[in-house]
Amino acid sequence: MYFGSVKFFKHLICTVVIGWFVIATFLAVFFGIKYGLEAKKNKELTVAASADVSQETEENPTEENGKQSLEDYYLLMAADGYTADDIINFISTTEGETAAKFAEAYIEANKEKFADMFKTETAYTGQGSTAIEYTELYPDLYADPPAEFTESEKTVYLTFDDGPSENTLMILDILEKYDIKATFFMSGGESEYTKEIMKKVADAGHTIGIHSISHEYEVIYESVESFLEDMNNTYTCIYEATGVRPQIMRFAGGSINNYNRLVYPQIIAEVTRRGFVYYDWNVSGEDATTHATWTSIYNNVLNGIESNSTDRAIVLLHDSGDKYTTVTTVEDIIIALLDDGYTFAPLDNTVKPITFSYVD
Ligand code: ZN
């Protein structure tokens, strides 16, 4: 009889054992998938959360933010395509050498954690996972950077921003009278008249640098891309009008201003990568203020030069239709400075820049 026989018990044991294997495998697969999915979901939430934390602390990635936010910061930047070197350079530029050394040491100490994140061949493409690779935009927007900078003593570089204007030809006449070359950081413009004036400035031997064709701070400093668009429009306008490819530039509002605090490190890095040299100023005529007078402009320039710690002065003035007072003052400024033994020179990209400090 089969039931109760040795064969029966053999089959029974086999069935039970196989059954347990089947059930155990099923349970393992079921819970494996269930917890696997949950773990994945949790991980995504964690990444999203650390992205939020990082955005808050991105401006100030120093050790004060603490270990946790630093790690979030590096991971987020790495996820955005920055290399370890990019991050260290960025921190060095915005926060100084000490913070950069700290970042370097931190990344080095956590090498294994960051190993998968940093891809050494990734280019510096900017922030945000949707960032356009702006380094590839405007392939003609490049300059030839000098091998080295020179520093002349007791030299004044007069610079006129925002032109051309109805004052430009008068300024040219004054400069010609004293055989002085200056620099015009031009906004440009599409009209034939504007182009003609630009050509006259270039033909007279003055330097034309890029300023901003729109001069709308909110627009140009919204992102690196919008800055480059404006810069390229200005560059093209100057080149078409004069036949000269500008090599130097001045940022609208200066290289660091209230409108570009979040993007200036990337903008400056990109402009410099393209070979352009940018100039701020160390003396301002303050002629753009509404209450500027002959006396205020004259005193601002002369006192500014006198109180400088260096005898190289890059003087900010404006070539703008409503700044006629500048025209009436500039000749007297030239006379006074020539009397004091100063030489006037135009900027070119070999002149060592005077720029605002990155560190407040
Ligand atoms: Zn301007």
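The preceding data block contains the structure.
Residues numbered from 1 in each chain as written. Predicted model: local features only at pLDDT ≥ 70, side-chain atom pairs only at ≥ 80, totals over all residues. Heavy atoms only, no water.

Student: Describe the overall build of the protein chain, and please don't skip the residues or the numbers.
Tutor: From N to C terminus, the protein chain includes twelve helices and eight strands. Expressed as a percentage of the 360 residues in the protein chain, the buried residues total 45%. When the accessible surface of the protein chain is split by element, carbon and sulfur atoms take 56% of a total near 19400 Å². (Helix = DSSP H or I, 4+ residues; strand = E, 2+ residues; numbered from the N terminus. Buried < 20%, exposed > 50% of the residue type's maximum accessible area, 1.4 Å probe, protein only. Areas by Shrake-Rupley, 256 points an atom, 1.4 Å probe, with all protein chains shown as cover.)

Student: If you had to explain the pattern of salt bridges to someone new, which residues and values would you point to?
Tutor: As enumerated under the stated definition, the model contains eight salt bridges in all. Between Arg250 and Asp161 there is a salt bridge, and its shortest N-O distance comes to 2.8 Å. Residue Arg250 is found in the loop between strand S4 (248–249) and helix H10 (264–273), and its partner Asp161 is found in strand S1 (residues 155–161); the two are separated by 89 residues along the sequence. One salt bridge connects Lys199 with Asp203, and the closest N-O pair in it is separated by 3.0 Å. Of this pair, Lys199 and Asp203 both sit in helix H7 (residues 192–203), separated by four residues, roughly a single helical turn. (Salt bridge = Lys/Arg side-chain N within 4 Å of Asp/Glu carboxyl O.)

Student: Which residues make up the coordination of the zinc ion, and what are the values?
Tutor: Within the protein, Asp162 (OD), His211 (NE2) and His215 (NE2) serve as the donor atoms for the zinc ion, at 2.1 Å. All donor residues of the zinc ion come from one chain, and their arrangement in sequence is D-x48-H-x3-H. Of this pair, Asp162 sits in the loop between S1 and helix H6 (168–177) while His211 sits in the loop between strand S3 (207–210) and helix H8 (217–220), and the two are 49 residues apart along the sequence. With relative accessibility at 24%, the residue Asp162 sits in the partly exposed group. (Donors = N, O, S within 2.8 Å, 3.2 Å for Na, K, Ca; no water.)

Student: Break down the pairing of strand S2 (residues 183–186) for me, citing the residues and quoting the values.
Tutor: Here is the key point about a regular strand: its side chains alternate between the two faces of the sheet. Of the two faces of S2, the one lined by Thr183 and Phe185 and the one lined by Phe184 and Met186 are each fully buried. Relative to S2, S1 runs parallel, the two being bridged by three bridges. The residue of S2 that forms the bridge with Asp161 is Phe185. Taken together, S1, H6 and S2 constitute a β-α-β crossover, and its handedness is right-handed. (Pairing = 2+ DSSP bridges. Right-handed = clockwise from strand over helix to strand, strands pointing away.)

Student: Go over the packing of aromatic side chains with me, naming the residues and quoting the values.
Tutor: One pass over the structure, following the stated rule, counts nine aromatic pairs. Measuring from ring centre to ring centre gives 4.8 Å for Tyr217 and Tyr259, while their planes differ by 15 degrees; the resulting arrangement is stacked. Here the residue Tyr217 occupies a position in helix H8, and Tyr259 occupies one in the loop between S4 and H10, the gap between them amounting to 42 residues. Classification of Tyr217 by relative accessible area gives partly exposed; the value is 24%. (Phe/Tyr/Trp six-rings, centres within 6.5 Å; stacked < 30°, edge-to-face > 60°.)

Student: Got a sec to walk through the environment of Val263? Specific residues and values, please.
Tutor: Relative to the helices and strands, Val263 resides in the loop between S4 and H10. Between the C-alpha atom of Val263 and that of Tyr221, which follows or precedes it by 42 residues, the distance is 7.0 Å. Those residues in contact with Val263 that lie beyond four places of it in its chain are Tyr221, Glu222 and Ser223. (Contact = heavy atoms within 4.5 Å.)

Student: Describe the side chain of Ser255, listing the residues and the values that go with them.
Tutor: Mapped onto the elements, Ser255 comes out in the loop between S4 and H10. On the basis of relative accessibility, which here comes to 1%, the residue Ser255 falls in the buried class. A distance of 2.5 Å separates polar atoms of two side chains, one belonging to Ser255 and the other to Asp280. For Ser255, the residues in contact, after removing those within four places along its chain, are Asn260, Tyr264, Ile268, Tyr278, Asp280 and Phe356. (Polar contact = N/O pair within 3.5 Å; in protein donor to acceptor, adjacent residues only side chain to side chain.)

Student: Explain unusual backbone geometry to me, and be specific about the residues and the numbers.
Tutor: Following Gly163, the chain continues into Pro164 via a peptide bond in cis, with omega recorded as -5 degrees. Within the secondary structure layout, Pro164 lies in the loop between S1 and H6. Of note, Asp179 is a non-glycine position whose phi angle comes to about 55 degrees, a positive value. Topologically, Asp179 is positioned in the loop between H6 and S2. Even without a glycine there, the phi angle at Glu286 is positive, about 50 degrees. Among the structural elements, Glu286 can be located in the loop between strand S6 (283–284) and helix H11 (294–307).

Student: Give me the lowdown on helix H9 (residues 224–242), citing residues and values where you can.
Tutor: Its 19 residues give H9 an end-to-end C-alpha distance of 27 Å, which sits within 8% of 27 Å, the value for a rise of 1.5 Å per residue. The element H9 is largely enclosed, with a buried count of 14 among its 19 residues. At the exit of H9 stands Gly243, carrying a positive phi of roughly 80 degrees. (Expected span 1.5 Å × (residues − 1).)

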